[in-house]
Amino acid sequence: QCQLNGLWRNDQDSLMEISVLRDNGDFQGQYFTRATLSGVCAQISPLRGAQQQLGEEGWPTFAFTVRWDKFSNASTAFVGQCFVDAGGKETLSTMWLLREAVGSLEEDWKATR
């Protein structure tokens, strides 16, 4: 079974730490990004999410949001699933959407990536 709590690293060397995983599947932690800060120290942003509770079998799905309030007026929503390979290695497969604040409805088209 996949366990979300702990420290995770992505392909761009950003780190996610899930420090609290409750019995109902809710979790919280911190996201440390390097992707938006060329050569500068990592910024810490809070994250909150929920894991779909399955039984003993299957690979859980999850969703979480990250609030980039320390250096950007944006939020990101992640959705994914946790897998364990035959050797016991856990992997999170995710997709994300980032939403930046814009000044008007006319600029809405460029706010999401």
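Structure shown above.
Summary of the structure given here. Treat the numbers as computed from the prediction; the structure is a model and nothing was measured.

### Notes on the overall build of the protein chain
And then number 1: A count of helical and extended segments in the protein chain gives zero helices and seven strands.
And then number 2: Going residue by residue from the N terminus, the α and β elements of the protein chain occur as β-β-β-β-β-β-β.
And then number 3: Going through the 113 residues of the protein chain one by one, you find that 27% of them count as buried.
And then number 4: Expressed as a percentage of contacts within the protein chain between residues at least 6 apart in sequence, the contacts between residues at least 24 apart total 27%.
And then number 5: On the protein chain, roughly 7,500 Å² of surface is accessible, and the fraction owed to carbon and sulfur atoms is 49%.

### Remarks on the sheet that holds strand β7 (residues 90–100)
And then number 1: Taken in spatial order, the seven strands line up as β1-β2-β3-β4-β5-β6-β7 in an open sheet, and their pairing is antiparallel. One side of each edge strand has no neighbouring strand; the edge strands of this open sheet are β1 (6–9) and β7. Between one strand and the next, the sheet's axes are offset by a mean angle of 25 degrees, whatever the strand orientation.
And then number 2: Pairing of strand β2 (residues 15–21) with strand β3 (residues 26–33), which is carried by six bridges, proceeds in the antiparallel orientation. Bridge pairing in β3 links Leu15 to Phe32.

### Overview of unusual backbone geometry
With glycine set apart, most residues show a phi of negative sign, and most peptide bonds adopt trans.
And then number 1: A positive phi angle, close to 65 degrees, is found at Asp13, a residue other than glycine.
And then number 2: The topology assignment puts Asp13 in the loop between β1 and β2.

### Structural notes on the pairing of strand β5 (residues 61–67)
And then number 1: Going residue by residue along β5, you find Phe62, Phe64 and Val66 tucked away on one face and Thr61, Ala63, Thr65 and Arg67 left uncovered on the opposite face.
And then number 2: Summarising the sheet, β5 and strand β6 (residues 74–84) pair through seven bridges and their orientation is antiparallel. Bridge pairing in β6 places Phe62 opposite Gly80.

### Description of the nonpolar core
And then number 1: Membership of the largest hydrophobic core comes to 17 residues, with the highest contact counts inside it found for Met16 and Phe64.
And then number 2: For this core, the elements supplying multiple residues, two or more each, are β2, β3, β5, β6 and β7.
And then number 3: Leave out the neighbours within four places in its chain, and Phe64 touches Met16, Phe27, Leu47, Arg48, Gly49, Thr76, Ala77 and Phe78.

What counts and how
- Residues numbered from 1 in each chain as written.
- Predicted model: local features only at pLDDT ≥ 70, side-chain atom pairs only at ≥ 80, totals over all residues.
- Heavy atoms only, no water.
- Helix = DSSP H or I, 4+ residues; strand = E, 2+ residues; numbered from the N terminus.
- Buried < 20%, exposed > 50% of the residue type's maximum accessible area, 1.4 Å probe, protein only.
- Contact = heavy atoms within 4.5 Å.
- Areas by Shrake-Rupley, 256 points an atom, 1.4 Å probe, with all protein chains shown as cover.
- Pairing = 2+ DSSP bridges.
- Axes fitted to C-alpha atoms, helices over the stretch in contact; angles between N-to-C directions.
- Core = buried A, V, L, I, M, F, W, Y, C linked by side-chain atoms within 4.5 Å.

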